[in-house]
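Report on the structure
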Amino acid sequence: MSSREQRIYNPGNLSPVKLWGLGVSSLLTEMNELPHDVLHHHGTSDDNIKDLTHMMKRDWGIETREEYLNMLQWLLDDGHNRSYMQMQDHLNALSENAIDAYIHTYSHNLDRQNCLKLVRNYRNTLSIGGIGAWDDGRYVSICRWGASLGLFSEEECWDKIHQVSLRVQQSYDSWYSFALSYIAGRQFWRNDATESFAKDEMDVVRRLTGDPKSPWNTLKWDLDLTESK
């Protein structure tokens, strides 16, 4: 039995609305094998905070509260979804043959070509929301990390998570459709349209669907998020 299986579920007695909000970051949380049911899932020891500070500087290039807030605003307003939707709109204006020809013109730029291939493959499935889940999932993760580092109060953090949760719930119809958008976003970010990469990501989805204590199994997608937090 793993340490996650041995621990008490929801030790802080968080409300279902708050747990739902944390669930928006569930894919990255699961990838990192961290708990889904606590705000400070990276831990609060001195070593935990040191590692988290290092990770945020190394992977995100952000250290200050202002930088955190700027990143959160970018994820809300633009994120990677803006570029994705621009590509999708362009491809949707072309015929199938013209799409193939257009993608071929980027044979000298494999990163761009891979992104275009991915958009072509997902453009019908993700025609409305695009890869917004990728931006929103990371938004919640950054809120959690900022609170753990003391750059946000817990109250401010929960308010931010709640607002993006409302947007997420209105944009998708299930945890699974949210996950599909997130995975496509991760592929777009990595410039990787291969089936092997998508398969690895779907393994994370299967772990979430197979865990009776995951947010996907303990919280209904249509939970009333307007109730008291």
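Use the structure listed above.
I will try to describe carefully the structure that is included in this document. (Residues numbered from 1 in each chain as written. Predicted model: local features only at pLDDT ≥ 70, side-chain atom pairs only at ≥ 80, totals over all residues. Heavy atoms only, no water.)

Some words on the overall build of the protein
Let me state the cut-off plainly: Runs of H or I in DSSP of at least four residues are treated as helices and runs of E of at least two as strands, each being numbered from the N terminus. Both definitions apply: the radius of gyration is a C-alpha atom measure, and the globule rule equals 2.2 Å times residues to the power 0.38. Only protein chains enter the accessibility calculation, which uses a 1.4 Å probe; a residue whose area is less than 20% of its type maximum is buried, one above 50% is exposed, and one in between is partly exposed.
A count of helical and extended segments in the protein gives 13 helices and zero strands. Going from N to C terminus, the protein has its helices and strands arranged as α-α-α-α-α-α-α-α-α-α-α-α-α. For the protein, the C-alpha radius of gyration of 18 Å lies close to 17 Å, the compact-globule estimate for 229 residues. In terms of overall dimensions, the protein has C-alpha extents of about 55 × 35 × 35 Å along its principal axes. When the 229 residues of the protein are sorted by exposure, 46% land in the buried category.

Notes on the packing of aromatic side chains
Applicable threshold: Put simply, two rings from Phe, Tyr or Trp (the six-membered ring, in Trp's case) pair if the centres are within 6.5 Å, and we call them stacked under 30 degrees between planes, edge-to-face over 60, tilted for the rest. Any Lys NZ or Arg CZ that is within 6 Å of a ring centre and within 35 degrees of that ring's normal is treated as a charge sitting over the ring.
Counted according to the given criterion, the structure contains 13 aromatic pairs. Ring plane angle 85° and centroid distance 5.7 Å describe the contact between Tyr 172 and Phe 178, whose orientation is recorded as edge-to-face. A cation sits over an aromatic face here: Lys 160 above Phe 152, 5.9 Å from the ring centre.

Regarding helix 9 (residues 132–148)
For an α-helix the count is 3.6 residues per turn, leaving residues at separations of three or four pointing the same way. Put simply, the rule is: Multiplying 1.5 Å by the helix residue count minus one yields the expected span of that helix.
Its 17 residues give helix 9 an end-to-end C-alpha distance of 25 Å, which sits within 8% of 24 Å, the value for a rise of 1.5 Å per residue. Within helix 9, 17 of the 17 residues are buried, leaving the element largely enclosed by the surrounding structure.

A short note on the packing of helix 9 against helix 11 (residues 175–190)
Convention followed: All axes here are fitted lines through C-alpha atoms, helices being fitted over the stretch that makes contact, and every angle between N-to-C directions spans 0 to 180 degrees. Oblique is the label for any angle not covered by the other classes, which are roughly parallel (under 35 degrees), roughly antiparallel (over 145) and roughly perpendicular (65 to 115). The contact criterion used throughout is that any non-hydrogen atoms of two residues lie within 4.5 Å. Basically, the charged four are Asp, Glu, Lys and Arg, the nonpolar ten are Ala, Val, Leu, Ile, Met, Phe, Trp, Tyr, Cys and Pro, and anything else, Gly included, counts as polar.
For the pair helix 9 and helix 11, interaxial distance at closest approach is 6 Å and the crossing angle is 90°. As the angle between them shows, helix 9 and helix 11 are arranged roughly perpendicular. Contact with helix 9, carried on its side by Gly 132, Ala 133, Trp 134 and Gly 137, involves Phe 178, Ser 181, Tyr 182, Gly 185, Arg 186 and Trp 189 of helix 11 and no other residues of that element. Its residues assigned to classes, the contact of helix 9 with helix 11 shows five nonpolar, four polar and one charged.

Focus on the environment of Ser 127
Here Ser 127 is to be found in the loop between helix 8 (110–122) and helix 9. The spacing of Ser 127 and Asn 92 is 35 residues in sequence and 9.6 Å in space, taken between C-alpha atoms. When residues no more than four places from it in sequence are discounted, the contact partners of Ser 127 are Met 85, Gln 88 and Tyr 122.

Observations regarding the side chain of Ser 141
With respect to the helices and strands, the residue Ser 141 is situated in helix 9. Here Ser 141 falls in the buried class, since its relative accessible area comes to 1%. Those residues in contact with Ser 141 that sit more than four places away from it in its chain are Ser 25 and Leu 28.

A word on the side chain of His 36
So the rule is basically this: Think of a polar contact as two N or O atoms within 3.5 Å of one another; within protein, one of them needs to be a possible hydrogen donor and the other a possible acceptor, and neighboring residues in sequence only count if both atoms come from side chains.
Inspection of the secondary structure puts His 36 in the loop between helix 3 (26–31) and helix 4 (46–60). At a separation of 2.8 Å, a polar atom in the side chain of His 36 contacts the side chain of Glu 30.

Some words on the environment of Val 17
For Val 17, the position within the fold is in helix 2 (residues 16–23). For the pair formed by Val 17 and Tyr 122, sequence separation is 105 residues and the distance between their alpha carbons is 30 Å.

With respect to the pattern of salt bridges
The test is simple: In the sections that follow, a salt bridge refers to a side-chain nitrogen of Lys or Arg positioned within 4 Å of a carboxyl oxygen of Asp or Glu.
In total, this model carries 10 salt bridges according to the counting rule given. Here Arg 58 makes a salt bridge to Asp 59, at a shortest N to O gap of 2.7 Å. The class for Asp 59 is partly exposed, based on a relative accessible area of 46%. One salt bridge connects Asp 203 with Arg 206, and the closest N-O pair in it is separated by 2.4 Å. With Asp 203 and Arg 206 both in helix 12 (residues 195–210) and three residues apart, this pair spans about one turn of that helix. For Asp 203, a relative accessible area of 28% corresponds to the partly exposed category. The exposure class assigned to Arg 206 is partly exposed, which follows from its relative accessible area of 46%.

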